[in-house]
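Spelled out, the chains give:
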There are 2 protein chains.
Amino acid sequence: VFTVNWDVEAAEKGGYDHFMIKEIYEQPKAIKDTLSPRINKDNVIKLDDIKITKEELEKINRVYIIACGTAYHAGLLGKVLIEKYVKIPVIADVASEFRYGSPFIDENTLMIVVSQSGETADTLAALRLAKKNNAKVYAVTNVVGSTISREADEVFYTWAGPEIAVASTKAYTTQLVSMALIALDMAVKKGTIDKKEYDKVLNELRGLSEKAQRILDNTELIKKASEKIYKAQSVFFIGRGIDYDVAREGSLKLKEISYIHSEAMAAGELKHGTIALIEEGTPVIAIATQERLYDKMLSNIKEVKARGAYVIALTKQGNEEIEKTADTVIYIPDVVDELTSVLSVIPLQLLAYYVAVMRGCDVDKPRNLAKSVTVE
Amino acid sequence: VFTVNWDVEAAEKGGYDHFMIKEIYEQPKAIKDTLSPRINKDNVIKLDDIKITKEELEKINRVYIIACGTAYHAGLLGKVLIEKYVKIPVIADVASEFRYGSPFIDENTLMIVVSQSGETADTLAALRLAKKNNAKVYAVTNVVGSTISREADEVFYTWAGPEIAVASTKAYTTQLVSMALIALDMAVKKGTIDKKEYDKVLNELRGLSEKAQRILDNTELIKKASEKIYKAQSVFFIGRGIDYDVAREGSLKLKEISYIHSEAMAAGELKHGTIALIEEGTPVIAIATQERLYDKMLSNIKEVKARGAYVIALTKQGNEEIEKTADTVIYIPDVVDELTSVLSVIPLQLLAYYVAVMRGCDVDKPRNLAKSVTVE
């Protein structure tokens with residue numbers, strides 16, 4: 001008798017140990033698949049499923065970006081980019097809080113909901129609240145035919161492919177890219193961005209996939225950093241602006257799969273309380289990719305170092321000065337400040353993954369969590 | 001030779017072991033001192049130092065509330081109350097993030113800055129940014145003649161008296177009360193609140209001082225709860241809406257003075273990651289004072305209980321059902337939903353204090369922290 005040990009799951013993992021790491025490595029392709037069909041060679045963005053007209057857009061005086069968990073973290077980039085390029089104030093909020101507040105929604109409101117599964121209960125409820133009050137709703141989702149995609153006015157699909165691991169990775173990076181495309185499309189329609197800046201960001205978008213691949217090709221330093229922190233009880237992620245948003249996502253990844261209590265803080269808020277928790281050896285992951293905030297971050301890093309923190313800094317190639325203060329420096333390829341999070345999150349995903357593996361955690365199916373939260 | 005052991009500090013503490021606990025107990029008086037001079041017996045609010053006219057207020061179409069740390073947590077109540085009573089959208093943000101974003105400030109913008117010391121560097125910078133862009137600025141501060149009070153257009157003093165302990169307590173509760181008075185004053189001037197609701201909230205404000213005293217007169221249960229959690233590595237605070245805002249403040253208090261890694265979460269976000277951290281015995285402080293969110297909170301409490309959490313619930317007198325699920329229930333006197341945080345924070349301050357004392361921490365001067373953050 002001849003027995004074949006055959007494992008469907010292993011086969012689907014394509015040689016990777018876990019779905020999560022497979023999906024992390026699929027990001028260069030996912031980013032490309034989300035971008036390519038929407039940008040032609042003349043740098044014109046065409047979002048087939050977003051049919052809003054210039055006239056409709058001009059009426060919009062308020063934008064809400066509503067989501068939960070990782071999708072909310074992606075939405076935070078949407079806020080930055082729409083405020084910058086489209087000059088409309090944006091309120092980004094988690095769906096479970098937004099639903100029960102006193103939102104100001106009318107026919108001049110645009111709501112952008114973000115949900116990988118397109119079935120997130122609180123996000124769906126926010127969408128319905130917006131529709132009931134005559135707002136226009138965009139959905140950014142990864143699942144064709146999902147409830148949210150059916151009920152929204154306009155749909156933007158992230159072409160990330162199926163995401164199996166509970167901890168979201170490629171859905172997040174493609175959501176970030178979606179936010180950029182949506183903001184730029186609005187800005188062009190409204191005439192609020194000049195051609196030079198537009199072309200610059202477009203060209204930077206095109207380069208993201210290859211730069212993401214470069215990070216994934218060189219992970220030794222991230223593995224070493226993981227060894228330094230995998231036994232920690234507490235970890236802090238700090239950043240400012242877009243770096244704070246990605247800090248939240250990095251912290252959530254680590255929490256979800258390694259069960260280490262990690263927390264993200266706006267670096268400028270540290271001194272208002274949280275710095276009391278920093279003692280000898282406390283790991284602090286400091287994200288410092290934003291040019292105009294770089295010096296401020298350097299001084300925050302010095303503050304935590306002075307209290308004994310073990311600092312892993314993440315910055316852009318070229319910012320070598322940070323090596324004088326941080327214990328480990330992880331570089332991402334140079335990229336325009338507005339798009340750094342698409343790259344800077346990748347070392348953070350890898351860090352969470354390696355740490356969770358070192359701790360023997362069930363990476364793909366963390367305890368207590370479901371892939372898609374369809375209850376409120 | 002006769003020696004007198006005389007200690008100035010001990011004398012100033014008026015019989016209390018620490019300034020912090022003395023200041024916690026001063027809250028009923030501080031609340032009263034902040035309210036009384038501003039409400040006459042006919043329920044008319046008169047804010048002497050806020051001279052904004054009805055015409056000026058009517059032009060305002062955007063409000064920013066900007067602060068750091070505890071003052072920011074107080075500002076979050078301002079957002080809720082102004083949106084509800086004055087029907088103007090409010091963006092509340094921490095000063096160090098706000099300063100470097102793309103804020104929309106013009107002559108139709110009102111900025112409210114909150115700072116106990118009136119010297120907080122980032123908050124002051126936000127104020128100056130607003131002034132430069134012709135916005136109207138209110139300052140809420142505890143220190144007469146402070147830089148922020150001098151540079152703002154209108155000043156609202158919290159009459160909390162000197163606050164010595166680094167961890168802010170009576171400054172916070174008086175800031176909350178200030179937010180209510182400012183929102184109501186705006187609402188009356190703009191005619192956006194009806195007389196019945198106005199009178200109700202006013203009467204509730206008058207009752208706060210006595211209700212705060214009632215909490216302080218009966219602290220046995222809070223002491224017992226502190227004994228259950230003081231050895232914890234991690235603590236989570238959860239809530240929704242105003243309860244989430246006070247959860248952030250409660251968590252910050254615990255962090256600052258006990259050095260336990262505590263974190264506040266919007267209860268509806270738990271399932272999107274953080275619930276993975278809940279295991280047998282993890283303390284969860286669940287704040288559930290809001291009537292329309294009570295059932296949602298009950299189900300969040302059940303979720304964390306199912307994962308083994310030790311739950312200390314905080315709710316209003318009368319909500320006995322919660323006892324079936326939570327391990328300990330701390331009641332606050334009945335009060336209108338919009339003002340619960342003035343009371344619900346008091347047990348959280350006491351909890352932080354008792355835990356810090358049990359851990360042998362230097363309560364009044366926690367490591368790494370300064371009372372007033374005058375550097376960026």
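These figures come from a predicted structure and were not determined experimentally.

Quick notes on the rules
Residues numbered from 1 in each chain as written. Chains lettered and ligands numbered in written order. Predicted model: local features only at pLDDT ≥ 70, side-chain atom pairs only at ≥ 80, totals over all residues. Heavy atoms only, no water. Helix = DSSP H or I, 4+ residues; strand = E, 2+ residues; numbered from the N terminus. Rg over C-alpha atoms; globule rule 2.2 N^0.38 Å. Contact = heavy atoms within 4.5 Å. Areas by Shrake-Rupley, 256 points an atom, 1.4 Å probe, with all protein chains shown as cover. Lys, Arg positive; Asp, Glu negative; His and termini not counted. Charge placed at Lys NZ, Arg CZ, Asp CG, Glu CD. Buried < 20%, exposed > 50% of the residue type's maximum accessible area, 1.4 Å probe, protein only. Pairing = 2+ DSSP bridges. Buried area = accessible area lost by both parts, 1.4 Å probe. Salt bridge = Lys/Arg side-chain N within 4 Å of Asp/Glu carboxyl O. Least-squares fit on C-alpha atoms with pLDDT ≥ 70 in both. Phe/Tyr/Trp six-rings, centres within 6.5 Å; stacked < 30°, edge-to-face > 60°. Lys NZ or Arg CZ within 6 Å of the ring centre and 35° of its normal. Arc of directions from axis to C-beta. Axes fitted to C-alpha atoms, helices over the stretch in contact; angles between N-to-C directions. pLDDT = per-residue confidence, 0-100. Polar contact = N/O pair within 3.5 Å; in protein donor to acceptor, adjacent residues only side chain to side chain. Parallel < 35°, antiparallel > 145°, perpendicular 65-115°, else oblique. Nonpolar A, V, L, I, M, F, W, Y, C, P; charged D, E, K, R; others polar.

Observations concerning the overall build of chain A
So, point 1. When you go through chain A residue by residue, the secondary structure sums to 14 helices and 10 strands.
So, point 2. Radius of gyration (C-alpha) of chain A: 20 Å, near the 21 Å computed for a compact globule of 376 residues.
So, point 3. When its C-alpha atoms are laid out on the principal axes, chain A stretches across 70 × 55 × 45 Å.
So, point 4. Long-range pairs, those at least 24 residues apart, make up 75% of the contacts in chain A between residues at least 6 apart in sequence.
So, point 5. Of the accessible surface of chain A, which amounts to about 13,800 Å², a share of 49% is contributed by carbon and sulfur atoms.
So, point 6. Computing the positive centroid from 49 side-chain charges and the negative centroid from 54, chain A places the two 2 Å apart.

Description of the pairing of strand β1 (residues 62–67) of chain A
Residues and elements named next belong to chain A.
So, point 1. Extensive coverage of β1 is indicated by the burial of 6 of its 6 residues.
So, point 2. The side-chain alternation of β1 yields two buried faces, one formed by R62, Y64 and I66 and the other by V63, I65 and A67.
So, point 3. Strand direction decides the pairing type here: β1 and strand β3 (residues 109–115), joined by 6 bridges, are parallel. Bridge pairing in β3 links V63 to L110.
So, point 4. Bridge count between β1 and strand β2 (residues 90–94): 5 bridges; the pairing is parallel.

Comments concerning the interface of chain B and chain A
Where interface size is given, it is often the accessible area lost as the parts come together that is meant.
So, point 1. Listed per partner, the contact involves 56 residues of chain B and 56 residues of chain A.
So, point 2. Buried surface at the junction of chain B and chain A, both sides included, amounts to about 4,900 Å², of which 53% is carbon and sulfur.
So, point 3. By the criterion of area lost to chain A, the three top residues of chain B are Y100(B), H261(B) and H272(B), representing 14% of everything that side buries.
So, point 4. The interface formed by chain B and chain A contains 4 salt bridges.

A short note on the relation of the copies chain B and chain A
So, point 1. The two copies are related by a screw operation: chain B maps onto chain A through 180 degrees of rotation and 0.0 Å of translation along the axis, at an RMSD of 0.0 Å. Accordingly, the operation relating the two chain copies is best matched by a two-fold axis.
So, point 2. Most of the interface of chain B is mirrored in chain A, where 100% of its interface residues are also at the interface.

Some remarks on unusual backbone geometry
Residues and elements named next belong to chain B.
So, point 1. Positive phi, close to 65 degrees, is recorded for N43, a residue that is not glycine.
So, point 2. Relative to the assigned elements, N43 resides in the loop between α3 (27–35) and α4 (54–59).
So, point 3. The exposure class of N43 is buried, given its relative accessible area of 8%.
So, point 4. Phi is positive for N134, which is not a glycine, with a value near 70 degrees.

A look at the packing of aromatic side chains
So, point 1. Taken as a whole and judged by the stated rule, the model has 8 aromatic pairs over all chains.
So, point 2. The ring centre of F156(A) lies 3.9 Å from the NZ or CZ of R38(A), which sits over that ring.

Observations concerning helix α3 (residues 27–35) of chain A
Residues and elements named next belong to chain A.
So, point 1. Of all the residues in α3, the buried ones are Q27, P28, A30, I31, T34 and L35. Projection of α3 onto a plane perpendicular to its axis shows the buried side chains occupying an angular sector of 165 degrees, all on one side.
So, point 2. Looking at the buried side of α3, the elements it contacts are α2 (19–25), β5 (154–157), α9 (170–190), α10 (195–216) and α14 (340–358).

Considerations on the pattern of salt bridges
So, point 1. Counted according to the given criterion, the structure contains 52 salt bridges over all chains.
So, point 2. With its nearest N and O atoms 2.6 Å apart, the salt bridge here joins K371(A) to E163(A). One end of the pair, K371(A), is in the segment after α14; the other, E163(A), is in the loop between β5 and α9, with 208 residues separating them in the sequence.
So, point 3. On the accessibility criterion, E163(A) (7% relative accessible area) is buried.
So, point 4. The salt bridge involving E256(B) is made with K253(B); its shortest N-O contact spans 3.3 Å.

What to know about the sheet that holds strand β8 (residues 283–288) of chain A
Residues and elements named next belong to chain A.
So, point 1. Taken in spatial order, the 5 strands line up as β7-β6-β8-β9-β10 in an open sheet, and their pairing is parallel. On the outer flanks of this sheet lie β7 (261–266) and β10 (328–332), each paired with one strand and no other. Across this sheet, the average inter-strand angle for adjacent strands is 20 degrees, counted without regard to direction.

Some points on the environment of G241(A)
So, point 1. Along the polypeptide, G241(A) turns up in the loop between β6 (234–239) and α12 (242–258).
So, point 2. Residues G241(A) and T289(A), spaced 48 residues apart in sequence, show a C-alpha to C-alpha distance of 9.9 Å.

Remarks on the confidence of the model for chain A
Close reading of the predicted structure is inappropriate where its pLDDT is low.
So, point 1. Per-residue pLDDT for chain A averages 94, and the proportion of residues at 70 or more is 97%.
So, point 2. Interface predicted TM-score (ipTM) for the complex: 0.95; the corresponding pTM is 0.96.

Observations regarding the side chain of E263(B)
So, point 1. In this fold, E263(B) is placed in strand β7 (residues 261–266).
So, point 2. For E263(B), a relative accessible area of 8% gives the class buried.
So, point 3. In terms of polar contacts, E263(B) uses its side chain to reach the side chain of K255(A), at 2.9 Å.
So, point 4. Apart from residues no more than four positions distant in its own chain, E263(B) is found in contact with K255(A), H261(A), S262(A), E263(A), V235(B), F236(B), F237(B) and S251(B).

Re the sheet that holds β2(A)
Residues and elements named next belong to chain A.
So, point 1. Sheet architecture is open: 5 strands sit in the order β2-β1-β3-β4-β5, paired in parallel fashion. Sheet topology places β2 and β5 at the edges, where each strand pairs with a single neighbour. With direction set aside, neighbouring strand axes in the sheet form an average angle of 20 degrees.
So, point 2. Sheet analysis places β3 next to strand β4 (residues 136–141), joined by 6 bridges and oriented parallel. Bridge pairing links I112 to Y138 in β4.
So, point 3. Sitting on the sheet, helix α7 (residues 121–132) is in contact with β1, β3 and β4, with an inclination near 165 degrees to β3.

A closer look at the packing of α3(B) against helix α10 (residues 195–216) of chain B
Residue and element names in this part refer to chain B.
So, point 1. Where α3 contacts α10, the two axes come as close as 8 Å, and the packing angle between them is 175 degrees. In terms of their interaxial angle, α3 and α10 are classed as roughly antiparallel. Where α3 abuts α10, its residues P28, K29, I31, K32 and L35 lie against L205, L208, S209, A212, Q213 and L216.
So, point 2. Broken down by class, the residue content of the contact of α3 with α10 amounts to 7 nonpolar, 2 polar and 2 charged.

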